[in-house]
Amino acid sequence: MIARTDVAKERRLPPLRNWTFPRRMVEDHLGLAALLWLALLVIVLGVAVGNHIWDSVGGSYWDDAVSSIPQWFVAFMAGYVAYSFLPAQIAHGQTRREFAQEALVYLVVFSAGLAALATIGFGIEAAVFAVMDWPHGIDDGHLFTSSGQVHLIVAEYLIRFLVWSAAGFTVGAGFYRSEEAGGAALAVAWIPVAITEFAIGTLYGSPLVLFRFVWDPPALHPVLIVAIGLLSFAALVWGGWKIIHDIPIKTKSE
Amino acid sequence: MMKVDVRDLTLRYGKTTALDGLSFSLDGGKIYGLLGRNGSGKSTLLSVLAAFRKADGGDVLIDGEPVFENPRVTRQIALIRESVDIPDSDDKIERVLEFVASHRPNWDADYAARLLDGFELDPKKQVKELSRGKQSALGAILGLAARAPLTMFDETYLGMDAPSRYRFYDEILSDYIAHPRTIVVSTHLIEEVAKIFEEVVIIDKGRLVLHEPVETLTARGATVTGPAEQVEAFANGLTVLNERQLGRTKSVTVYGQMTAQQHQHARDAGLDLEPVPLQDLFVYLTSKGGAQ
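Residues numbered from 1 in each chain as written. Chains lettered and ligands numbered in written order. Predicted model: local features only at pLDDT ≥ 70, side-chain atom pairs only at ≥ 80, totals over all residues.

## Some points on the overall build of chain B
Point 1. In terms of helices and strands, chain B carries 11 helices and 14 strands.
Point 2. Taking 19 Å as the expected radius of gyration for a compact globule of 292 residues, we find that chain B reaches 21 Å, a close match to that expectation.
Point 3. Summarising its shape, the C-alpha atoms of chain B cover approximately 65 × 45 × 35 Å along the three principal directions.
Point 4. At a minimum sequence separation of 6, the contacts of chain B that also span at least 24 residues come to 69%. (Helix = DSSP H or I, 4+ residues; strand = E, 2+ residues; numbered from the N terminus. Rg over C-alpha atoms; globule rule 2.2 N^0.38 Å. Contact = placed C-beta atoms within 7 Å.)

Here you go:
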């Protein structure tokens, strides 16, 4: 072993750098999400208008859209962060721990941003329906029963997006590490996702939706559901960290 | 200047041992050449020095501190590989520079802009639109403008045409003179770049073959040129690395320290004695049995 030269360390090396806000990831991905949200909102309102013309309007079309598509988008984008940003940032001097801290901030901010968009979508749809005097009901399988329960809408989508994004990040990191690690991460990561979706009571969009025909769990208190979601998120974050804490940065040929 | 200490470094890929108890020290503040044949462990060594990979055994200390997961050290190191490390090849060059600048404490944006001009790169172009040579040039720019105290180029020139390669070598040298730091250049094109090296580290099969100043290394032999008969007589009994003949003139590269008496003998015989080309020494030292 070589003696540590503390004097040299103090004299020459700058202090430890803390993590910085992952501005690029957040701005890029929330910007894209906002565009997709706008497109989805236009489509949803278009469908409502179409139904009004040719049939009748019933329930919330935003509910159907925002409960079945965005979580896959969130998971994909978080997986992309692990697969693409991790090697680039470490290659330019960041440590894995610093990257993990930035990625965690990204997961939370991105999920919160999308939860806000989902909630705003309910509000806009409800307002349009109110103006048009159309009935605006919410399907079963949610923490909330009306678009006025903003805190419960935010809580549900925040929990859902946190868990799905953490799962996507973990799987993306696994596949960057190796195909075997990616396969293993995929095989494990769906479990906390499914647990959270079951706790919420999701009817569709869940990896285990078909199991609902076999067993439909009882409704849980919202606080307990949020706790289950946060625990699932924490488990996935821990799994992601275990994958990246010593991950080798590969060459293109690897 | 960043000092590099490597002790008993070992790294394996499955059953293949890439680094096998490698040890050496670099005092820093110089331009080092890292030479080795394909598969000798050069890229693996650099990836461990830059904390891209964790070693299986041994120590890497940069200025006395371990490098792996040590942000105080890793932010001071730039390893530029043939494949440019960026988040997305859809990014425009200007965005890549922005990204790297945000991670590099000594980044010189003006210098980067001058290098873009010099290497004829359009900042509005996407990285994926660039030829292999231009992508290599982008890597060279990222490494140079980062001004990292320990800067390492791993075959960064691959794909560059000859003018770009010479520009790259000139930039390394001129920027090193203006902003002294520790620079390690891993290369196959030894003769092209040898002129900028102050010291050379040669590794083979994951082990150190030698680490010497270039002057000492090239004094390990000589190229003897003159009339064929006199050259053959002079080289008799010496280890011949290379020989060429044109008409009655012969040139022989011999390995081994020349004594003052041998120098005098060569001069008396009308022979020219020149330092041995680094590439010939490298080939000899890394050939089967050569290192012994």
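## What about the domain arrangement of chain B?
Point 1. Domain assignment breaks chain B into domain 1 (4–216) and domain 2 (221–275).
Point 2. Between the C-alpha centres of domain 1 of chain B and domain 2 of chain B there is a distance of 37 Å. (Domains from an automatic or database assignment.)

## A word on helix α1 (residues 42–49) of chain B
All names here are of chain B.
Point 1. Among the eight residues in α1, eight count as buried, and that is most of the element.
Point 2. Within the span of α1, buried status applies to Lys-42, Ser-43, Thr-44, Leu-45, Leu-46, Ser-47, Val-48 and Leu-49.
Point 3. Following α1 by one or two positions, Ala-51 adopts a phi angle in the positive range, close to 65 degrees. (Buried ≥ 20, exposed ≤ 12 C-beta atoms within 10 Å, placed from the backbone.)

## Comments concerning the sheet that holds strand β6 (residues 77–80) of chain B
All names here are of chain B.
Point 1. Pairing in this open sheet of six strands is mixed, and the strands run β6-β7-β8-β3-β9-β10 from one edge to the other. The open sheet terminates on both sides in strands that have one partner only, identified here as β6 and β10 (207–213). Taken pair by pair, the neighbouring strands of this sheet meet at an average axis angle of 15 degrees, ignoring direction. (Pairing = 2+ DSSP bridges. Axes fitted to C-alpha atoms, helices over the stretch in contact; angles between N-to-C directions.)

## Description of the sheet that holds strand β5 (residues 65–66) of chain B
Residues and elements named next belong to chain B.
Point 1. The four strands are arranged β2-β1-β4-β5 in an open sheet whose pairing can be described as antiparallel. The open sheet has two edge strands, β2 (16–26) and β5, and neither has a second partner.
Point 2. Of the pairings in the sheet, the one linking strand β1 (residues 4–13) to β2 comprises eight bridges and is antiparallel in character. Bridge pairing in β2 places Tyr-13 opposite Thr-16.

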